[in-house]
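Secondary and tertiary structure notes
Single-letter residue listing:
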Amino acid sequence: MEIAKVIVDVPVRSTDRPFDYSIPDALRLWIEVGSRVAVPFGHRTVQGFVVSLESGETETASGLKPIQEVLDLLPPLSPELVELGDWMSQRYACRRISALQAMLPTALKGKAERLISLGEEAEAADKPADELFPLFLEEDLEERTIIDFVRKAGEVTMKQLTRSFPGAAETVKFMLRRGMLTESQSIKDKMGKKKLKAVDLAIGLAAARESLSTFPARSARQKDVLSFLIEMEQMLPMPMKDLLAILQVTAGTVKALEEKGYIEISEIEVYRDPYRGRDFKPSSPLPLTPEQQKVFTRIARTVDEQQHEVFLLHGVTGSGKTEIYLQCIQRAVDQGRQAVVLVPEIALTPQMVERFKGRFGSGVAVMHSRLSVGERYDEWRKIREGKAMVAVGARSAVFAPFANLGLIIMDEEHESSYKQEENPKYHARDVAVRRAEQGGAAVILGSATPSLESYHAARSRSDIHFSPVLLEMPTRALGNALPKVHVVDMRDELKEGNRSMFSRRLHAALERRLEKGEQTVLLLNRRGFSTFVMCRSCGYVATCPDCDISLTYHSRSDNLRCHYCGHAESSPKLCPECGSEHIRFFGTGTQRVEEELGKLFPGIRVIRMDVDTTTEKGSHEKLLNQFRDKKADVLLGTQMVAKGLDFPDVTLVGVITADSALNLPDFRAGEKTFQLLTQVAGRAGRHQLPGEVVVQSYTPEHYSIVHASGHDYYSFVREELKHRRALHYPPYCRLILVTLSHEQLPLLLKMAENYALNLQGRARQLRWFASLDKLSADALDLLGPVASPLPKLKGRYRFQCIIKWRGAIDAIGLARQIAEELEDSVRDNNLQISIDVDPQMLM
Ligand SMILES: Nc1ncnc2c1ncn2[C@@H]1O[C@H](COP(=O)(O)OP(=O)(O)OP(=O)(O)O)[C@@H](O)[C@H]1O
Ligand SMILES: [Zn+2]
Ligand SMILES: [Zn+2]
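As annotated in an unreviewed UniProt entry, the chain carries the name Replication restart protein PriA and is attributed to Paenibacillus typhae. Turning to the chain, the UniProt annotation filed under Sequence similarities (unreviewed entry) states: "Belongs to the helicase family. PriA subfamily." What UniProt records for the chain under Function (unreviewed entry) is the sentence "Initiates the restart of stalled replication forks, which reloads the replicative helicase on sites other than the origin of replication. Recognizes and binds to abandoned replication forks and remodels them to uncover a helicase loading site. Promotes assembly of the primosome at these replication forks."

The following block contains the structure:
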């Protein structure tokens, strides 16, 4: 007897292990590792995934509850993905079910639904309700109508029933108890497949032709339809809708033909194609530049040999990385394998999609969050059913259900959006490498500004589990120079009486573009919610004496706090460096910049792109198209404007304040600033016209600004690594962020203290607890507990600890174990501990 081990979708930690079910004979053929099934669990029916099949004793198996239903024709997960889910649950200390669910489109997050049908007695007697239950009184009219309603439908959901009979809940309950109705449960998906009525010939082609002569004159319309279908025989079955529209006939005419037996009308499944009706300019492979050729040859070798290898492709903006991606994908496809291209969500512009659709046509599936649930489901199905060979998508496309994946590409690999902030808190880069390792696939991590983690991993032994081969492209493909970058010291502007947010240099440069009819991209570098304190006279920023990250202003207590270690001080009224009173809390919005632009340049046409203007579906695309069609002079926005855009007439890029990301309480602030400045500068002068960049800053001497303006990645990396090493931050160690939350503050405080103490105690026992300063390879250190940067969320208080560790110790397992013990020790079940391994944001 075969036993299926099933991971069930029940939101309790103690159920995070496979449960055994028997397999009914009728389902045997349909159940594989990766099948999605409905199983009884307690008194409910829940969704689950088969993670293994084992043979067991007949007696044991017959004591098990059987699997109720198989929910899909093809298992939505492959054995390879099931295994990847296992790995994720250990690597990210998350539940197995949440790892598996993360791999599937929302449409398949099925929930149990209550189904009502007739009770046995009522079913057997095929009589009107009146005769069926002679005891019904006149006033039992409601029962009678319900019975007739259910009989007519065969089976209805509880929802439909209560919608059709509002206020009948009590009656239905009574009828269930009496056995007039019965109830069952089934898993219902959020979204079904889309079906269309379609028309096909019901008789052979020759017979159909012959019958044309038999139509009487009054059935001329029917004859038209039939002869049209004969003519279009290659295109059948044809959607009814299209047929009616083309021939201008009524559905009645078509129905009549069906009744006569000439044609048949059926339902066919169709894919909801988000790009239907859109033409993509076909493109063919470009002859590569010598620099590109060298890189391509190296990667192609691995792809051809179907080996696993990771490449870090460091190519400056405009070096032609995308062409490399396209040609490598072609090689994988030639091998009969498939490819995944990961792109940061906000860079997944229509321009980007066009480049892949243009080369690989309808074999490209696109997956991102701006598609509807149905569209996403259908793009996913195209992959699962083998109708696509390339998937382009955001983070979760790393789980694209290809059968024989040969290549995974991650563009802009340094982007923090590859880390998912909700459960499971995975990083798509690490998952990609792991998946490629399993299947013998190549990985290309591409960027103009590789993350320090990846770069360090390529250069030396590091704690990251992969060591990529570094490939470089230092010049632009079209041979034009990188744009000249001017850094403007905003302190000087203030000194000389310019209080505007535009320096004289940026103002003049903008004016010149307006005169010449060239375009400008303006970046307002603003992220996160926190405010920092800065002196506008000297550029001084309040930082923590222990952690060297900027302090965050808390308006309620009017003080400054460190989000890493908890250090607090009162907020200064005068600048401690220069004594100026121009010291204030920082934050400017895009809207304010837009207003100011209107005042300075009357009549200027500005497109503003930020979270407010891009919430609507397709708005992002519309705004970019308007800008491309030169309907505006300026594209103004947040980070959205920095990524991947390629517009020939953009010759000026302005950065309003380069420092605002620099001063976030984040040890990656310098890295992020460098990356963003390099990216946005790369938008200028990509084609014939030369480009210019103006960066405004209050701390122009900061190394990330200096090196970004010199397009000097290596000097930046050298300096940044020095800081990271001195302060023990990644890539010299790894981090785990542990956040505890509870409704009651005193209890939470005690628990947070306990967590820290237990962890330290255990680590000492294991001889892991050591200062990171020591040269020993295995070390673990703990910061906190301190209040989280978001100290209260949805009525729950939050405290956090940061674990710093390195070496071969199982710090993740330990962090999880202590968390679970502590959660179990609290009786009210209300303590929540979340674990974020390798966090991108420490909050
Ligand atoms: N071999 C080639 N021959 C001619 N033109 C090329 C070639 N390779 C790339 N290009 C062109 O050079 C420009 C820059 O290429 P691409 O956008 O691929 O660079 P990238 O490295 O992806 O840049 P970014 O990181 O800035 O997005 C594009 O307009 C592209 O069409
Ligand atoms: Zn000052
Ligand atoms: Zn601190």
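Structural notes on the overall build of the chain
Looking only at helices and strands, the chain features 28 helices and 33 strands. A globule of 843 residues ought to have a C-alpha radius of gyration of about 28 Å, and the chain, at 32 Å, matches this closely. Principal-axis analysis of the C-alpha atoms places the extent of the chain at approximately 95 × 70 × 60 Å. Counting the 843 residues in the chain, one finds 54% classified as buried. In the chain, the proportion of contacts linking residues at least 24 apart, taken out of those at least 6 apart, comes to 75%. When the accessible surface of the chain is summed, it comes to about 37800 Å², and 50% of that surface belongs to carbon and sulfur atoms. Taking the average place of the 111 positive charges on the side chains of the chain and the average place of its 112 negative ones, the gap between the two points comes to 3 Å.

A short note on the pattern of salt bridges
All told, the structure shown has 42 salt bridges when counted by the stated rule. A salt bridge links Asp-489 to Arg-491; the nearest nitrogen and oxygen atoms lie 3.0 Å apart. Each member of the pair Asp-489 and Arg-491 is classed as buried.

Considering the pairing of strand β4 (residues 44-55)
Of the pairings in the sheet, the one linking strand β1 (residues 2-8) to β4 comprises seven bridges and is antiparallel in character. Bridge pairing in β4 links Glu-2 to Ser-55. Taken together, the six bridges between strand β3 (residues 36-41) and β4 define a ladder with antiparallel strand orientation. When the bridges of β4 are listed, Phe-41 appears paired with Arg-44.

Observations concerning a nonpolar patch on the surface
A cluster of nonpolar side chains, Leu-29, Trp-30, Leu-73 and Leu-74, forms an exposed patch at the surface whose accessible area comes to about 490 Å². Along the chain, the position of Trp-30 falls in the loop between β2 (19-22) and β3. Residue classification places Trp-30 among the partly exposed positions, given a relative accessible area of 43%.

A closer look at the site of ligand 1
Not every one of the 20 residues close to ligand 1 is listed here, only the nearest: Pro-287, Gln-292, Lys-321, Arg-355 and Arg-686. The side chain of Lys-321 places a nitrogen or oxygen atom 2.8 Å from an oxygen atom of ligand 1. Side-chain polar atom of Arg-355 to an oxygen atom of ligand 1: 2.9 Å apart, as the coordinates give it. In isolation ligand 1 has 630 Å² of accessible area, and contact with the protein removes 85% of it. When we break the shell around ligand 1 down by domain, the ones giving at least three residues each are domain 3 (290-473) and domain 4 (484-531 + 586-726).

Overview of the sheet that holds strand β19 (residues 484-489)
Reading across the sheet, the six strands line up as β19-β29-β28-β20-β27-β26 and stay open at both edges, with parallel pairing between neighbours. Edge positions in the sheet fall to β19 and β26 (606-609), since each of these pairs with one other strand and no more. Strand after strand, the sheet turns through a mean of 15° between neighbouring axes, direction not considered. Direction of pairing for strand β20 (residues 519-523) relative to strand β28 (residues 650-655): parallel, over a ladder of five bridges. Its bridge partner lying in β28, Leu-522 is registered against Gly-654.

Looking at the nonpolar core
Counting 118 residues, the largest nonpolar core has Tyr-755 and Ile-803 as its most contacted members. In contact with Ile-803, other than residues within four places in its own chain, are Arg-734, Leu-735, Ile-736, Val-738, Tyr-755, Leu-759, Leu-780, Asp-781, Leu-782 and Ala-815. Within the second largest apolar cluster, 36 residues are counted, among which are Tyr-325, Val-364, Val-390 and Leu-407.

A short note on the coordination of the zinc ion (ligand 2)
Within the protein, the atoms that donate to the zinc ion (ligand 2) are Cys-535 (SG), Cys-538 (SG), Cys-575 (SG) and Cys-578 (SG), at distances of 2.2 to 2.4 Å. Taken together, the four donor atoms surrounding the zinc ion (ligand 2) define angles of 107 to 112° at the centre, an arrangement classified as tetrahedral. Site description for the zinc ion (ligand 2): donor spacing in sequence, C-x2-C-x36-C-x2-C.

Let's talk about the packing of aromatic side chains
The final tally for this structure, using the stated rule, is 14 aromatic pairs. Among the aromatic residues, ring-to-ring pairing joins Tyr-455, Phe-674, Tyr-703, Tyr-713, Tyr-714 and Phe-716 into one connected group. One cation-aromatic arrangement involves Arg-17 over Phe-19; the distance from NZ or CZ to the ring centre is 4.1 Å. Looking at Lys-804, its charged tip hangs above the ring of Tyr-729, at a distance of 4.4 Å from the centre.

Some details on the packing of helix α14 (residues 321-334) against helix α15 (residues 350-360)
Two numbers describe how α14 lies on α15: the axes approach to 11 Å, and their chain directions differ by 35°. For the element pair α14 and α15, the recorded crossing hand is right-handed. Only Arg-355, Phe-356, Arg-359 and Phe-360 of α15 make contact with α14, whose side of the interface consists of Thr-322, Glu-323, Leu-326, Gln-327, Ile-329 and Gln-330. Among the residues making up the contact of α14 with α15, the classes are represented as four nonpolar, three polar and three charged.

Structural notes on the environment of Ala-658
Note on placement: Ala-658 falls in the loop between β28 and α23 (659-662). Judged by its relative accessible area of 0%, Ala-658 falls in the buried class. Taking the C-alpha atoms as reference, Ala-658 lies 44 Å from Arg-767; in sequence the two are 109 residues apart. Those residues in contact with Ala-658, other than ones at most four positions away along the chain, are Asn-525, Thr-673, Leu-677, Val-695, Gln-696, Ser-697 and Ile-705.

Comments concerning helix α16 (residues 373-384)
With twelve residues, α16 ought to run about 16 Å at 1.5 Å a step, and its terminal C-alpha atoms sit 16 Å apart, in line with that. Among the twelve residues in α16, nine count as buried, and that is most of the element. Along α16, the residues classified as buried are Gly-374, Glu-375, Tyr-377, Asp-378, Glu-379, Trp-380, Arg-381, Lys-382 and Ile-383. Looking one or two residues beyond α16, the residue adopting positive phi is Gly-386, at roughly 75°.

Here we look at helix α21 (residues 590-600)
Every buried residue belonging to α21 is among Thr-590, Val-593, Glu-596 and Leu-597, and all of these are buried. Each buried residue of α21 sits inside an arc of 120° when the element is viewed along its axis, so together they form one side. Along α21, the residues that are exposed and aim more than 90 degrees away from the buried face are Glu-595 and Lys-599. Buried positions along α21 lie against α20 (504-516), β20, β26 and β27 (634-637).

So, how was this worked out
- Residues numbered from 1 in each chain as written.
- Chains lettered and ligands numbered in written order.
- Predicted model: local features only at pLDDT ≥ 70, side-chain atom pairs only at ≥ 80, totals over all residues.
- Heavy atoms only, no water.
- UniProt positions renumbered as here; feature names shortened; annotations may be inferred.
- Helix = DSSP H or I, 4+ residues; strand = E, 2+ residues; numbered from the N terminus.
- Rg over C-alpha atoms; globule rule 2.2 N^0.38 Å.
- Buried < 20%, exposed > 50% of the residue type's maximum accessible area, 1.4 Å probe, protein only.
- Contact = heavy atoms within 4.5 Å.
- Areas by Shrake-Rupley, 256 points an atom, 1.4 Å probe, with all protein chains shown as cover.
- Lys, Arg positive; Asp, Glu negative; His and termini not counted.
- Charge placed at Lys NZ, Arg CZ, Asp CG, Glu CD.
- Salt bridge = Lys/Arg side-chain N within 4 Å of Asp/Glu carboxyl O.
- Pairing = 2+ DSSP bridges.
- Patch = residues over 30% accessible without salt bridge, like charges linked within 9 Å, V, L, I, M, F, W, Y side chains within 5 Å.
- Near = heavy atom within 4 Å.
- Polar contact = N/O pair within 3.5 Å; in protein donor to acceptor, adjacent residues only side chain to side chain.
- Domains from an automatic or database assignment.
- Axes fitted to C-alpha atoms, helices over the stretch in contact; angles between N-to-C directions.
- Core = buried A, V, L, I, M, F, W, Y, C linked by side-chain atoms within 4.5 Å.
- Donors = N, O, S within 2.8 Å, 3.2 Å for Na, K, Ca; no water.
- Tetrahedral: all angles 85-135°; square planar, octahedral: opposite > 155°, others 65-115°.
- Phe/Tyr/Trp six-rings, centres within 6.5 Å; stacked < 30°, edge-to-face > 60°.
- Lys NZ or Arg CZ within 6 Å of the ring centre and 35° of its normal.
- Left-handed = near helix turned anticlockwise from the far one by under 90°.
- Nonpolar A, V, L, I, M, F, W, Y, C, P; charged D, E, K, R; others polar.
- Expected span 1.5 Å × (residues − 1).
- Arc of directions from axis to C-beta.

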